Every structure is written in C-alpha cells, then in structure tokens.
Amino acid sequence: MTVGLKRLAPLAVLLAFAAIAAHAEIPLNERRAGTADLAPETKAMQDDDSANPGMLVVLDGEALWKAKAGAANQACADCHTDARASMKGVAARHPAFDARLGRPVNIEQRINMCRVERQQATPFAYESKELLALSAFVGNQSRGEPIAPPADERLTPFRNAGRDDYFRRQGQLNLSCAQCHDDNWGKRLAGSLIPQAHPTGYPLYRLEWQAVGSLQRRLRNCLVGMRAEAYDYGAPEYVALELYLMWRARGLTVEIPAVRP
Amino acid sequence: MIMDAAAAKAAASFSCVVFLLLATTAGGQEALRPYTVVGDAIPAPLTGSDPERGRAIVTARQNTCLLCHSGPFPEQRFQGNLSPDLKGTGARWSEGQLRLRLVDASRLNAETIMPSYYKVDGLTRVGTAWRGKPILSAEQIEDVVAYLTTLRDQ
C-alpha cells in the first residue's frame, strides 16, 4: 500500500501542477524576465561583473562564506567546501520544503538555519548587509541555471496559498498582483514599464533603491503601492508567494545579481 | 497679567477640544455622504465643486489617476497607459456617469482595475494608514467630476 502511494506521488504532483497551469495567465513561451526590457545602459551594467554593483555584495558574501563564525567556530566553506560546486543550482531550487519545520524555507531562511544550528551563531536580520551578501553569493552560484522548483508534493498547499494571494485583490486600491503582472505587463504604470514579475535575479541591485535588496523587499514595495498591509520579513505569506512566483518562472534563467531600474 | 489656575485649565481644555475637532476633520474619518445611483449614474453632486482644483487633484501623484491614465497634461512627464486617455472624457460621459465611475466603478464591472475612490467597505487587508478612509473625499470627487466634464475635445 505504502509503495503504491509512493508510486502515485509523482502523478499527484503532476496533477497539482496541471490544476495551476489551467489558470496560468501567461503562456510558457510568452514569458520574459525583466532583463529583456532593460535600457541598454542598465543591461550593460548587469552583464559586466566589474560594473554590476551587485557583484560587490557577492564578493562580501564570498568573504563571509570563508569566515569562521559562532560558538562552533565553523565557516560555511568548512562543511560546503567550494561553493561553485556545492551551491550550484541551490538558489534555483528554493524555496524548498524543510521536513523538520514542516514548511517551505527560502534561501535566506536556509542560510540562517545553518548559521544557528551548525555555526551556533545568532541569525542575521532580514535585509541585513550580511544576509543579503551571503544570499547573493549563494545565488550567484546558480547564475545561468534554469529555475527548477522541486517536484515535491509537500510544497503544493503552500504554492497554492501563494497563488491565491497573487490573485487576491487587496489594499485601499483593491488590486491583485495578477491585474498588473499578468493582465497588463508591458504597459506603463506612470513612467514605469510593468514587468511579468519573474524573480530571476534576487537579491538584485535596484537603481531606485541605490542598493541590493531581496525579493521580499520588492514584494513589500508592491503591497505598500496597493496601500495594503505589508507582512513582516520572513512571514510565511511571503515565502508562499515566492514559491508560486518561482514556479511561475520555472525554466527561466537565474541571473543573480540582476540590475533593475 | 497672571492667569489663575482655573483659567489656565479652561484654556488648556479649550485648545484640546479645538485640536480634537481638527484631527477628526483632517483624519478623513467622517462618515461617507449618502448618494443615489440612477441607472449607470449618480446624478446629484456629493458637494460643491471647483474644476481647477479638480485638475490639480488628477495630476497630483498621490491621487493615483496618472498611474494608469494619460490625458491632456503636457507638463506631466509620467503618465500611464493601462486605462483610457482622459482626453474627451466629458464628451463621452455625463456628469452623473463620471461620478459613479469615480465613486465605485466596480458596480459597473466587478473585474475593473479602476479602484473605487469613494468606498471603505468590501476591501481586504487595507494598510493601517489608509484603513476606513476613501481614496478621495467627497469634495475631491466633485472637483474631479467638475474638471473631467470640461474635457470635451476628443
């Protein structure tokens, strides 16, 4: 019986994906990452590691990767050795299900879990220089890889919750994510081109921020723009939304650290 | 002249009352004004109006109109293109039709991206800064309606 159920599990995952696909607004072959619509000078900045401000943060992250920390006096590199091999594709597969917590965790949360449990150090704050640096460094190891959400049926209810949130109208302006990013992408919201909202490059350098920031920071900006209540950083609602957005962007190329206007 | 304690106390409580009155008005917490929908329009104005103030309201960033709409505003560099150009609006719609489209466009099309500018109920997860307040006041709605009716050139 158990074996039978295990055999059926991949089918259940496929069926769950098919159910979502039936409502997907943008056909797979019409998806485009924000990079496709960058101004030439911004695109040049993203493509040149010596000009991309996000690469400075990646370098900070590499230093942290090698630095011993916490009561365990361990560096990330002590266990994971060469990040170019061990971290390749990891960001492309997150958020991923954590069996012990019983819920999905994003890359920032995964880094902090390692920090607390393995290094026995205090976790980094969300949007702290350190957490952005380490997640940019880890993310950069997946640059060029396709976004590959895990086929893990335990993620399905969380992804569906994220999808519901994506289509839910909210805030004083009563807008949903889908109304802009599925229905009106390519048009201009005042002066800004509306992208399809594929999170291919987070953490990324945003010219508007004059800084590198996380996907959750961007989601927060959108919620405030709708005049809705933003969630606290790390909230399960954000992780569920990240999960849905990564599924929606499956197969697109990771470009961490991206540059955006 | 030295005020005695009772006079000082009275003065203090008076200024407190004035402050509270101002706060109530400025906070926009007054009850919504009643209105009647006739067909696809609200024929009667909610308040008095001033088309010049209306133009200023439409073009001010924080009122969100130009996020989606463009219009005859040559001085405005950034205008949206999600929604119809406001040019000729006054020729396409009556004053009452414009009023309903501003107050609560969702009555005409539940799926519209156009927010309801004079509505506080039926909304989800409104941020604390905006909770219980309409996007525009009744006076602002009337100023905008008065301005839009002047946009007759197509």
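Quick caveat: nothing in here was measured; it's all calculated off a predicted structure.

Caption draft 1: Region of the structure containing the overall build of chain B. Along the backbone of chain B there are 6 helices and 0 strands. Moving toward the C terminus, one meets the helices and strands of chain B in the order α-α-α-α-α-α. By residue count, 38% of the 154 residues in chain B fall in the buried class. Residue pairs at least 24 apart in sequence account for 55% of intrachain contacts in chain B once pairs closer than 6 positions are excluded. When the accessible surface of chain B is summed, it comes to about 8,900 Å², and 60% of that surface belongs to carbon and sulfur atoms.

Caption draft 2: Structural detail: the interface of chain B and chain A. On the side of chain A, 23 residues touch chain B, which itself brings 27 residues to the contact. Interface area, chain B with chain A, both sides summed: about 2,100 Å², of which 54% is carbon and sulfur. It is Leu82(B), Arg125(B) and Trp130(B) in chain B that bury the most area against chain A; as a group they hold 33% of the surface buried on that side. The interface formed by chain B and chain A holds 1 salt bridge in total. Between Arg131(B) and Glu229(A) there is a salt bridge, and its shortest N-O distance comes to 3.0 Å.

Caption draft 3: Structural view of the side chain of Gln97(B). All names here are of chain B. Here Gln97 is to be found in helix H5 (residues 95-104). A distance of 3.1 Å separates a polar atom in the side chain of Gln97 from a polar atom in the side chain of Asp40. Leave out the neighbours within four places in its chain, and Gln97 touches Asp40, Ala41 and Arg92.

Caption draft 4: Region of interest: the side chain of Asp104(B). Residue placement: Asp104(B) occurs in helix H5. Asp104(B) has contacts with Ser116(B) and Lys119(B), leaving out every residue within four places of it along the chain.

Caption draft 5: Spotlight on the sheet that holds strand E7 (residues 259-260) of chain A. All names here are of chain A. An order of E6-E5-E7 is seen for the 3 strands of this open sheet, with the pairing classed as mixed. Bordering the open sheet on either side are strand E6 (211-213) and E7, each of which pairs with just one other strand. Summarising the sheet, strand E5 (residues 204-206) and E7 pair through 2 bridges and their orientation is parallel. The residue of E7 that forms the bridge with Tyr205 is Val259.

Caption draft 6: Summary view of the nonpolar core. Within the largest apolar cluster, 49 residues are counted, with the highest numbers of intra-cluster contacts made by Tyr166(A), Val58(B), Ile141(B), Val144(B) and Leu148(B). Secondary structure elements with two or more residues in this core: helix H9 (177-181), helix H10 (215-225) and helix H11 (236-248) of chain A together with helix H2 (51-59), helix H3 (65-68), H5 and helix H6 (138-149) of chain B. Ranked by residues supplied to this core, first place goes to H6(B) with 6 residues. In contact with Val144(B), not counting residues within four places along its chain, are Gly54(B), Ile57(B), Val58(B), Leu102(B) and Leu136(B). Within the second largest apolar cluster, 20 residues are counted, among which are Met55(A), Val57(A), Leu131(A) and Phe137(A).

Caption draft 7: Quick look at the packing of helix H8 (residues 156-167) of chain A against H11(A). Residues and elements named next belong to chain A. Interaxial distance between H8 and H11 falls to 7 Å at its minimum, and their mutual angle equals 90°. Relative to H11, the element H8 is oriented roughly perpendicular. Facing Phe158, Arg159, Gly162, Arg163, Asp165, Tyr166 and Phe167 of H8, the residues of H11 in contact are Glu237, Ala240, Leu241, Leu243, Tyr244, Leu245, Trp247 and Arg248. Its residues placed into classes, the contact of H8 with H11 shows 9 nonpolar, 1 polar and 5 charged.

Caption draft 8: Expanded view of the environment of Gly90(B). Residue and element names in this part refer to chain B. Positionally, Gly90 belongs in helix H4 (residues 89-92). The class of Gly90 is buried, set by a relative accessible area of 5%. Gly90 sits 63 residues away from Asp153 along the chain, and the two C-alpha atoms are 8.2 Å apart. In this structure, Gly90 is in contact with Leu148, Thr149, Leu151 and Arg152, ignoring residues within four places of it in sequence.

Caption draft 9: Representation of the confidence of the model for chain A within the structure. Residue and element names in this part refer to chain A. Within chain A, residue pLDDT values average 93, and 91% of them lie at 70 or more. This model gives residues 1-5 a pLDDT under 50, and the stretch forms 0 contacts once residues within four places in sequence are excluded. Per-residue pLDDT stays below 50 along residues 13-22; that stretch engages in 12 contacts with residues further than four places along the chain or on separate chains.

Caption draft 10: View of H6(B). Residues and elements named next belong to chain B. Helix length check: H6, at 12 residues, gives a terminal C-alpha distance of 17 Å against a target of 16 Å (1.5 Å per residue), a fit within 8%. Counting buried positions along H6 gives 9 out of 12 residues, so the element sits mostly inside the fold. Along H6, the positions that sit buried rather than exposed are Ala138, Ile141, Glu142, Asp143, Val144, Val145, Ala146, Tyr147 and Leu148. Of the surrounding secondary structure, the elements contacted by the buried residues of H6 are H2, H4 and H5.

The rules behind these values
Residues numbered from 1 in each chain as written. Chains lettered and ligands numbered in written order. Predicted model: local features only at pLDDT ≥ 70, side-chain atom pairs only at ≥ 80, totals over all residues. Heavy atoms only, no water. Helix = DSSP H or I, 4+ residues; strand = E, 2+ residues; numbered from the N terminus. Buried < 20%, exposed > 50% of the residue type's maximum accessible area, 1.4 Å probe, protein only. Contact = heavy atoms within 4.5 Å. Areas by Shrake-Rupley, 256 points an atom, 1.4 Å probe, with all protein chains shown as cover. Buried area = accessible area lost by both parts, 1.4 Å probe. Salt bridge = Lys/Arg side-chain N within 4 Å of Asp/Glu carboxyl O. Polar contact = N/O pair within 3.5 Å; in protein donor to acceptor, adjacent residues only side chain to side chain. Pairing = 2+ DSSP bridges. Core = buried A, V, L, I, M, F, W, Y, C linked by side-chain atoms within 4.5 Å. Axes fitted to C-alpha atoms, helices over the stretch in contact; angles between N-to-C directions. Parallel < 35°, antiparallel > 145°, perpendicular 65-115°, else oblique. Nonpolar A, V, L, I, M, F, W, Y, C, P; charged D, E, K, R; others polar. pLDDT = per-residue confidence, 0-100. Expected span 1.5 Å × (residues − 1).

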